[in-house]
Amino acid sequence: MRQVKKPILFLLIAFLTSCIEKSGKSTLEFAQTLHFAEEACQSVNERVDSVIYLPLQSTEQSALRNIDKMYFRNGLIYAGDLSSRKVAAFHNDGTVAFVVNRSGHGEGEYQDFKSFTVDGEHIYVVDNTRRAVLLYDCRTGTYEEQKPLPVMSWDIEAATNGEFLLTFVPNIGGLPAIAQPLCRVFITDADFQIRKGLFEYDENYRDALGLQTYFTHDEEHIYFSSYWFDGMTAFDIHNPENYEHIAIDFENRLTEEERTGKSPLDHSAANYLGATPFFTSHYIGMLITGPEYSTDYLYDKRDSVFCTNIEEDCSGAFLLPVATCRDMFVSFISDYDTYAALVECGFPPADKATEEALGNGDTVLLFYKMKPYPPPTKRAGLPTAIRLSLYPVTT
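Everything numeric here is computed off the predicted structure, so don't read it as measured data.

Reading the values: rules and limits
Residues numbered from 1 in each chain as written. Predicted model: local features only at pLDDT ≥ 70, side-chain atom pairs only at ≥ 80, totals over all residues. Heavy atoms only, no water. Helix = DSSP H or I, 4+ residues; strand = E, 2+ residues; numbered from the N terminus. Buried < 20%, exposed > 50% of the residue type's maximum accessible area, 1.4 Å probe, protein only. Contact = heavy atoms within 4.5 Å. Areas by Shrake-Rupley, 256 points an atom, 1.4 Å probe, with all protein chains shown as cover. Polar contact = N/O pair within 3.5 Å; in protein donor to acceptor, adjacent residues only side chain to side chain. Phe/Tyr/Trp six-rings, centres within 6.5 Å; stacked < 30°, edge-to-face > 60°. Lys NZ or Arg CZ within 6 Å of the ring centre and 35° of its normal. Core = buried A, V, L, I, M, F, W, Y, C linked by side-chain atoms within 4.5 Å. Disulfide = S-S within 2.5 Å. Pairing = 2+ DSSP bridges. Axes fitted to C-alpha atoms, helices over the stretch in contact; angles between N-to-C directions.

(A) Representation of the overall build of the chain. Counting its secondary structure elements, the chain contains four helices and 28 strands. In the chain, which comprises 395 residues, the share counted as buried stands at 53%. Residue pairs at least 24 apart in sequence account for 57% of intrachain contacts in the chain once pairs closer than 6 positions are excluded. Only carbon and sulfur atoms are counted for the fraction: they give 49% of the accessible area of the chain, which is about 17,600 Å².

The structure is reproduced here in structure tokens:
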């Protein structure tokens, strides 16, 4: 009987947690608005100072199909590959430290690997199937314990005050199996008990599409984005109860029918965010989807202008980040052909060892060192932007 009563009591407590900010966009106050006009975009080449390559050691356990989330913490690099259900940890020279790859049904194993985060003690893996968060030692990968997951969650981030952010955003293809509070973001304590729910939505609301990850982070903030509105929410990483919204004003906006999946996006002429942006001190890196393709953009905070890649000159070609580190954007390449095409167009070449790694299909990180004070004047007559990230719009 006790095993029955505890979940019921827990659900009752969860439902008593109210969402304190409603979903209507008219109620939102924006701390800043970024204005996007494709014809006014400038070149990224004037903003990129240099690129540093770091090959990641590839072993049978550490080989990555993709990098969906990445953290630079505890003197290690944590690369999460959600499709492979693992976290590979590397030393700063790219050699393997350990790998958490424990898909299964036993103790310390996860049936689902939806997302993960890292703090100074643990790696936290979200298992929605078991409704649990599994904790592994952040320096060895050793399993330690699991804690109940209060809600189905698409993503997770750790704040520095011991709290966590969870998110669940309903979309056309994803709804919770068990009823839960209708909030997009939850703040929990260290034991994943809900302290506060934020950004309420109507029970009939759906996002048009889901995102692979909903959170990004830097040293001072955690960023959240969805199709709820055009823009993102910046949470104070030291106290996530403090947050502000940042809007992006697209000339061609999604209609409400497109935003909520009632009208198909494959026929839309609108621009919208394709992923949650990444921030450095002076720039924002983001993926913006248009009528045909999704393209990588850089927003210059000082000049208040969007920048994009140039077809004739790839000397500063900007690839969508997967993280930031020491105020640098971090991207990755895992095939030689992409690298060779960029270099032929002017991208800085790597050394022979890095080229050999790419030839073997290994993952190589790119660290973008940005110019802190870009030229404020606009260069006229830029060539047509190249679509360096050719991700067709989902049909």
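After presenting the structure, the write-up continues.
(B) Molecular detail of the environment of Arg 253. With respect to the helices and strands, the residue Arg 253 is situated in the loop between strand 19 (243–250) and helix 2 (256–259). The class for Arg 253 is exposed, based on a relative accessible area of 51%. With 18 residues separating them in the primary sequence, Arg 253 and Asn 271 have C-alpha atoms 5.9 Å apart. If we skip the residues at most four places from it in the chain, Arg 253 touches Asp 230, Glu 258 and Ala 270. Within the structure, Arg 253 has its side chain in polar contact with the side chain of Asp 249 (distance 2.6 Å). For Arg 253, the side chain forms a polar contact with the main-chain oxygen of Phe 250, separated by 3.3 Å.

(C) Representation of the packing of aromatic side chains within the structure. All told, the structure shown has 30 aromatic pairs when counted by the stated rule. On the numbers, 6.5 Å between centres and 85° between planes, the contact of Tyr 110 with Tyr 136 is edge-to-face. Separated by 26 residues along the polypeptide, Tyr 110 in the loop between strand 7 (96–100) and strand 8 (115–118) and Tyr 136 in strand 10 (residues 132–137) bring together distant segments of the chain. Across the pair, exposure class does not vary: Tyr 110 and Tyr 136 are buried alike. A ring pair is formed by Phe 215 and Phe 224, whose centres lie 5.8 Å apart and whose planes are at 50°; its orientation type is tilted. Taking relative accessible area as the criterion, Phe 215 reaches 2% and is therefore assigned buried. Residue classification places Phe 224 among the buried positions, given a relative accessible area of 1%. Joined through ring pairs, the aromatic side chains of Phe 30, Phe 199, Tyr 214, Phe 215, Phe 224, Trp 228, Phe 229, Phe 235 and Tyr 243 make up one cluster. The ring of Tyr 205 carries Arg 184 above its face, with NZ or CZ at 4.7 Å from the centroid.

(D) Up close: the nonpolar core. Residues Leu 165, Val 185, Phe 199, Phe 224, Trp 228 and Phe 235 are the most contacted members of the largest nonpolar core, which totals 27 residues. Looking at this core, the elements with two or more residues in it are strand 14 (183–188), strand 15 (194–200) and strand 17 (221–224). The residues touching Phe 224, leaving out its near neighbours within four places in the chain, are Thr 167, Val 169, Arg 184, Val 185, Phe 199, Tyr 214, Phe 215, Met 232, Thr 233, Phe 235 and Thr 276. Core analysis: the second largest hydrophobic core is formed by 26 residues, Phe 278, Leu 298, Val 305 and Tyr 339 among them.

(E) Fine view of the side chain of Thr 363. Its place among the elements puts Thr 363 in the loop between helix 4 (352–359) and strand 27 (364–370). Judged by its relative accessible area of 6%, Thr 363 falls in the buried class. Among residues more than four places away in sequence, those in contact with Thr 363 are Leu 54, Pro 55, Leu 56, Leu 64, Ile 67, Phe 332, Ile 333 and Ser 334.

(F) Local environment of the state of the cysteines. Evaluated as defined, the whole model comprises one disulfide. Note on cysteine connectivity: Cys 314 is disulfide-linked to Cys 345, with sulfurs 2.4 Å apart. Disulfide Cys 314 to Cys 345: torsion about the S-S bond roughly 70°, handedness right-handed. On the criterion of sequence distance, the pair formed by Cys 314 in the loop between strand 24 (305–308) and strand 25 (323–325) and Cys 345 in the loop between helix 3 (336–344) and helix 4 is long-range, its members being 31 residues apart. In this model Cys 41 remains outside any disulfide bridge; the closest cysteine sulfur is found in Cys 307, 7.4 Å from its own.

(G) Structural detail: the environment of Pro 348. Its place among the elements puts Pro 348 in the loop between helix 3 and helix 4. Classification of Pro 348 by relative accessible area gives partly exposed; the value is 24%. For Pro 348 and Val 51, which are 297 residues apart along the polypeptide, the C-alpha to C-alpha distance reads 7.0 Å. In contact with Pro 348, other than residues within four places in its own chain, are Val 51, Tyr 53, Ser 315 and Val 343.

(H) Main features of the sheet that holds strand 4 (residues 69–73). A sheet is described by the order of its strands in space; here four strands give the open sequence 4-5-6-7, paired in antiparallel fashion. Single-partner strands in this sheet number two, and they are strand 4 and strand 7. Between one strand axis and the next, the sheet turns through 15° on average, direction left out of account. Direction of pairing for strand 5 (residues 76–81) relative to strand 6 (residues 86–90): antiparallel, over a ladder of five bridges. In the sheet register, Gly 80 faces strand 6, and the bridge partner there is Val 87.

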